Amino acid sequence: QLRTLLKETIVENHQPKEQVDEAIISLVAGAVAAIPGILKGLGWIAKKAGKWIGSEKLQSIGETGSEWGDKLHHKYIGWVQKLLWPLFKALKIKDEKTKKKVANIAFLILIGALAADAGFSAYDAFSNSQVALGAGESGLSALKIGEVGIEGSNAAFRALINSMNLGDEMAAALLKVGTKL
């Protein structure tokens with residue numbers, strides 16, 4: 001149904017079929033990539049709202065949403081890591097921590113590329129008076145930019161803590177607290 005709606009919206013503006021299919025693929029890929037960020041964001045909002053109105057149930061729902069988003073993000077990283085096995089093999093990378101770091105970087109690059117694509121798609125949609133499609137693409141772009149910013153700052157924080165030679169226990173405690181802020 002979404003595909004039909006998008007096609008009708010785009011075709012009404014006389015765009016070639018190839019562009020219609022490309023726009024749909026881009027929108028769906030961007031939305032799927034944004035699901036962990038959406039779940040984390042909605043979870044955060046629900047937790048804050050629940051705290052504000054004094055609802056433990058809403059806070060619990062928010063915590064669950066955030067956890068689901070985090071778990072899905074880790075699944076995505078696992079899939080990226082599996083896709084990168086030829087690279088790891090060619091470079092003789094065997095350390096699992098290194099593989100995970102490379103997969104995280106590759107995922108952030110992918111999210112950044114999808115954010116840029118969503119931004120260009122939003123511009124095209126607004127230029128063709130497709131306000132709903134442009135608004136959707138703008139929202140997805142903003143979510144992806146936010147995720148890249150959060151993950152990037154967490155990575156920088158982890159690198160800083162690890163470089164301080166604080167010992168494993170202290171570094172683990174600071175990382176646990178710091179990346180949740």
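**Some remarks on a nonpolar patch on the surface**
Next, step 1: On the surface, a cluster of nonpolar side chains totalling about 480 Å² of accessible area is made up of Ile 38, Leu 42, Trp 44, Ile 45 and Leu 143.
Next, step 2: The dominant element in the nonpolar patch, judged by the number of residues it contributes, is helix H2 (residues 17–53), at 4 residues.

**Description of the packing of aromatic side chains**
Next, step 1: One pass over the full model with this rule turns up 2 aromatic pairs.
Next, step 2: These aromatic residues form a ring-pair network of at least three members: Tyr 76, Trp 79 and Phe 107.

**Considering the pattern of salt bridges**
Next, step 1: This model, assessed by the stated rule, comprises 3 salt bridges.
Next, step 2: When the shortest N-O distance is used, the salt bridge between Lys 47 and Glu 63 registers 3.4 Å. One end of the pair, Lys 47, is in helix H2; the other, Glu 63, is in helix H3 (residues 56–83), with 16 residues separating them in the sequence.
Next, step 3: Lys 47 sits in the partly exposed class, given a relative accessible area of 25%.
Next, step 4: For Glu 96, the salt bridge is made with Lys 99, and the minimal N-O distance between the two is 3.4 Å. Of the two residues, Glu 96 and Lys 99 both sit in helix H5 (residues 96–127), 3 residues apart, roughly one turn of that helix.
Next, step 5: By relative accessible area, Glu 96 is classed as partly exposed at 48%.
Next, step 6: Take Lys 99: its relative accessible area is 17%, and that puts it in the buried class.

What counts as what
Residues numbered from 1 in each chain as written. Predicted model: local features only at pLDDT ≥ 70, side-chain atom pairs only at ≥ 80, totals over all residues. Heavy atoms only, no water. Patch = residues over 30% accessible without salt bridge, like charges linked within 9 Å, V, L, I, M, F, W, Y side chains within 5 Å. Areas by Shrake-Rupley, 256 points an atom, 1.4 Å probe, with all protein chains shown as cover. Salt bridge = Lys/Arg side-chain N within 4 Å of Asp/Glu carboxyl O. Helix = DSSP H or I, 4+ residues; strand = E, 2+ residues; numbered from the N terminus. Phe/Tyr/Trp six-rings, centres within 6.5 Å; stacked < 30°, edge-to-face > 60°. Buried < 20%, exposed > 50% of the residue type's maximum accessible area, 1.4 Å probe, protein only.

As far as function goes, none of this settles anything; it's purely spatial.
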